[in-house]
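# Geometric and topological summary
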Amino acid sequence: MTEIGKLTGCCVFIDNLRLSPYWDEYFSTPQTLWDNALQQFLFVAHRTIGMSSQNPLLICLLASDLALPKIIKFYSIMNLNKNVISEQDIAPIELDLGREYQFHSTFVCPVTKEQCNSENPPVMLKCGHLISNNAMDKIVRQSRLGSRRFKCPTCPREQSPQE
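Residues numbered from 1 in each chain as written. Predicted model: local features only at pLDDT ≥ 70, side-chain atom pairs only at ≥ 80, totals over all residues. Heavy atoms only, no water.

## Considering the overall build of the chain
Note the threshold: Helical segments are the DSSP runs of H or I of at least four residues, strand segments are the runs of E of at least two, and each set is numbered from the N terminus. Each residue gets one of three labels from its accessible area relative to the maximum for its type: buried under 20%, exposed over 50%, partly exposed in between, using a 1.4 Å probe on protein chains only. Whether two residues touch is decided by their heavy atoms; if any such pair falls within 4.5 Å, the residues are in contact.
Along the backbone of the chain there are five helices and four strands. Traced from its N-terminal end to its C-terminal end, the chain shows the element sequence α-α-α-α-β-β-α-β-β. The 163 residues of the chain split such that 18% are buried. Restricting the contact set of the chain to residue pairs at least 6 apart, pairs at least 24 apart contribute 31%.

## A few points about the confidence of the model for the chain
One rule of thumb: low pLDDT means the predicted coordinates there are not for detailed reading. How we decide: Every residue carries a pLDDT, the predictor's confidence in it, which falls somewhere between 0 and 100.
Averaged over the chain, the pLDDT score is 77; the fraction of residues at 70 or greater is 79%. Mean pLDDT in the chain bottoms out at helix H2 (residues 23-26), which sits at 67, and peaks at strand E2 (residues 130-132), which reaches 89.

## A short note on the nonpolar core
Filter applied, for reference: Definition used in this section: a nonpolar core is a set of buried Ala, Val, Leu, Ile, Met, Phe, Trp, Tyr and Cys residues joined via side-chain atoms within 4.5 Å.
Core analysis: the biggest nonpolar cluster contains ten residues, these being Cys 109, Val 123, Leu 125, Ile 131, Ala 135, Met 136, Ile 139, Val 140, Phe 150 and Cys 152. Excluding its chain neighbours within four sequence positions, the residues that come into contact with Leu 125 are Ile 131, Met 136, Phe 150, Cys 152, Pro 153 and Gln 159.

## Some thoughts on the packing of aromatic side chains
Rules: Each Phe, Tyr or Trp ring (for Trp, its six-membered ring) is paired with any other whose centre lies within 6.5 Å, and the angle between the two planes then decides the class: stacked below 30 degrees, edge-to-face above 60, tilted in between.
A complete count under the given rule lists one aromatic pair for this structure. Judged by centre distance (5.2 Å) and plane angle (85°), the ring pair of Phe 74 and Tyr 75 falls under edge-to-face. Take Phe 74: its relative accessible area is 24%, and that puts it in the partly exposed class.

## Some details on a nonpolar patch on the surface
Basically, it comes down to this: Only residues whose relative accessible area exceeds 30% and that form no salt bridge are eligible for patches; like-charged ones are grouped when within 9 Å, while nonpolar side chains (Val, Leu, Ile, Met, Phe, Trp, Tyr) are grouped when within 5 Å. Note on areas: Shrake-Rupley with a 1.4 Å probe; residue coverage comes only from the protein chains shown. Only one rule defines a salt bridge in this text: a Lys or Arg side-chain nitrogen within 4 Å of an Asp or Glu carboxyl oxygen.
Taken together, Leu 38, Phe 41 and Leu 42 make up a surface patch of nonpolar side chains, about 290 Å² in accessible area. In this structure, Leu 42 sits in helix H3 (residues 33-48). According to the relative accessible area criterion, Leu 42 is partly exposed, its value standing at 31%.

## Details of the side chain of Asn 120
Basically, it comes down to this: N or O atoms closer than or at 3.5 Å make up a polar contact, with two conditions inside protein: a donor-capable atom paired with an acceptor-capable one, and, for residues adjacent in sequence, both atoms drawn from side chains.
You can see Asn 120 is positioned in the loop between helix H4 (56-80) and strand E1 (122-124). Asn 120 gets classed as buried once you look at its relative accessible area, which sits at 6%. At 2.9 Å, the side chain of Asn 120 forms a polar contact with the backbone nitrogen of Asn 134. Here Asn 120 is in contact with Glu 114, Ser 132, Asn 133 and Asn 134, once residues within four sequence places are set aside.

Following this line, the structure appears as structure tokens:
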């Protein structure tokens, strides 16, 4: 509460803050309370809308620092067992990088150009490409391959909706 009182007292010196008895405490250093308040406000605002308050490139580098050792370990195990498991049988790896690297994800279907949501979730095809559930249903209905098989809109791989 004393901080608010001091800041309110600065209003008396609004025409010339340098004459304020609070100048040294609040305004003279580069890292002032105003800067701290701004940083805290930006952090809360970014978190509220699900964005990172840090540089996106820095976030990518820090996330890769956590993920790469796990991915390298996975592929080294896969190389040891390459005669047992083929690359086509490998599902994408899901890595938990912690809460600080989780942001809202927005997926826009490359077929329908619509944003996916809980009613129209993204679907991963056998080939690894992603489309929306509505797009897959539409492609299946329009498919000429019979028996409900369809081709991926990005590559020529065929599959059925159950795959």
